[in-house]
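Residues per chain, in single letters:
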Amino acid sequence: MAHTIIIFGASGDLTSRKLVPALYELFRKKRLPEGARVVGFSRTKFSHDAWREKLAESTARFVGEDFDADTWRHFAPSILYQSGNAEAAEDYAALRDFLDEIEGDQETTRVYHLAVAPPLYETVIARLGEAGLAKEDRGPRRVVIEKPFGTDLDSARELNRHVHEVFDERQIYRIDHYLGKETVQNVLVLRFANSIFEPIWNRNYIDHVQITAAEDLLVGHRAAYYESAGVLRDMFQNHLLQLMTFTAMEAPARFDADAVRDEKVKVLRSVRVMEPGEVHTDTIRGQYCKYRDEPGAPEDSETATFGAIKLHIENWRWQGVPFLLRSGKAMSCRTTQIVIQFRPAPHMMFDAGPRSAFEANRLVIQLQPAEGIQLQFQTKVPDAGMKFRMTDLHFTFREEFAGRMPEAYQRLLLDVMHGDASLFSRADEVELAWSIIDPIQRGWERPDGPPLELYEAGGWGPPNAVEWMCRQNREWFDSCPVLK
Ligand code: BG6
């Protein structure tokens, strides 16, 4: 089957930074289906050649040392361009004619990738429908929608309703690029392709789970967007909740789109939705000190660039085990990690001092950078009486496997072409995620909401976040990052 990937918003940042480099990499690794074409669609006027030249330069920059000019020369003829206004019906008719012309009579899978600004999603989808571009008369038609999918539950529902007027759910691929990361998929492999973790992966052995996505970057030139999002919409509703569902879900019977997503949805349905009072006790919000100086950020901005929230999954496996999720900009370093904090040994027969008794086993899944896994346990210090300290067993992808970790989009784009939606969010999943985040966002926006604490760049967020953990008799695992 032939494939055409049509990118809406082709002159934008996502296309040059992520999509085309990923397609090029798939081509270089001979994984792109034979004869696949890429058609750019956006308002700027380009000839095919002018667009190819622009992409050659950006792809070389973003792919880095794996870019090979000769390979690009072979790939470039499959890149085409059709200019058009995303809002103009006649431009979609022209696009349809252009696609019919290049595809001829060949049955073709078409992938419409919406790399446009989110307010345009509904328009592009409606126009695709009106132009007959969603009809599957000559091969599958699929649509890829980037995040954010809505800005709250109501807008996500509304967007789902619009998309479903044109496409069936099985044709829709909602992207969360975290699911394209190898290390995130490896959470499923760790849990469900090994037998030793399952017996202890529950409330009997686990005290709590910490999921941290820390970034050392500042918001910078993205402040205009970030003001309307804030950390909850930008990182929690999508990426962090995805990581939580992978950590908490039951084993699906098969690795297929519905089996996997059914289990994730069950987790989201079991999350206790926060009451207004709990927003005060179970969340922390912060803003880094210089955020208000960022170009585009108002002087009196109340937007949170740091958040920590405590969620409870009310089912047999997780009753009483809090999931502590945290994310922030301007932190000490870039690290994304899932920490499974086990309970301490039930009885300490050694006179090891309070600290050691408190330090229980930990499994650290380091998603990025220095991807790997570390298991921490107590060991006797030799020749020091009965003194012991935390030591570890670890594994890193870099030491174990050759080659670089692929960018998330490579896997995701290939899955769309193959029609595998396992690593994409389903309509009910996105809506449930919003229904967890909305009450917190609303609580944060109320005048009597939890205080917005300022924090210095280069640390671990507001001091209050540390005290909050202390009050729970717990401690953040702040390590930068734990594996090298
Ligand atoms: C994006 C957010 O979805 O994810 C950004 O909009 C954030 O604010 C980024 O920086 C983090 O992605 P990654 O892959 O660098 O962890």
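Source: prediction; values computed, not measured. (Residues numbered from 1 in each chain as written. Predicted model: local features only at pLDDT ≥ 70, side-chain atom pairs only at ≥ 80, totals over all residues. Heavy atoms only, no water.)

Participant: Sorry, what's going on with the state of the cysteines here?
Facilitator: Here a disulfide denotes one covalent bond, and it connects the sulfur atoms of two cysteines. One pass over the structure, following the stated rule, counts one disulfide. Put simply, cysteine 333 and cysteine 480 are joined by a disulfide, and their sulfur atoms are 2.1 Å apart. Torsion about the S-S bond of the cysteine 333 and cysteine 480 cystine: about -115°, corresponding to left-handed handedness. Here cysteine 333, found in the loop between strand 10 (323–328) and strand 11 (335–342), pairs with cysteine 480, found in the segment after helix 15 (463–471); they are 147 residues apart in sequence, far enough to count as distant. (Disulfide = S-S within 2.5 Å. Helix = DSSP H or I, 4+ residues; strand = E, 2+ residues; numbered from the N terminus.)

Participant: I keep staring at the sheet that holds strand 8 (residues 283–288) and nothing clicks. Help me out?
Facilitator: Pairing between the strands of a sheet is mediated by backbone hydrogen bonds and can be parallel or antiparallel. A sheet is described by the order of its strands in space; here nine strands give the open sequence 14-13-12-11-7-10-9-8-15, paired in mixed fashion. Edge positions in the open sheet fall to strand 14 (388–396) and strand 15 (452–455), since each of these has one partner strand only. Sheet twist, expressed as the mean angle between neighbouring strand axes with direction ignored, is 20°. Summarising the sheet, strand 11 and strand 12 (residues 362–368) pair through six bridges and their orientation is antiparallel. Paired with glutamine 337 across the strands is glutamine 366, a residue of strand 12. (Pairing = 2+ DSSP bridges. Axes fitted to C-alpha atoms, helices over the stretch in contact; angles between N-to-C directions.)

Participant: Help me understand the nonpolar core, please; the structure alone is not making it clear to me.
Facilitator: Soluble globular proteins tend to bury their nonpolar side chains together. Within the largest apolar cluster, 140 residues are counted, with the highest numbers of intra-cluster contacts made by Phe8, Met244 and Leu325. Not counting chain neighbours up to four residues away, the residues in contact with methionine 244 comprise Ile211, Val267, Val271, Leu311, Ile313, Phe323 and Leu325. Core analysis: the next-biggest nonpolar cluster, separate from the first, contains six residues, Val364, Ala370, Phe477 and Val482 among them. (Core = buried A, V, L, I, M, F, W, Y, C linked by side-chain atoms within 4.5 Å. Buried < 20%, exposed > 50% of the residue type's maximum accessible area, 1.4 Å probe, protein only. Contact = heavy atoms within 4.5 Å.)

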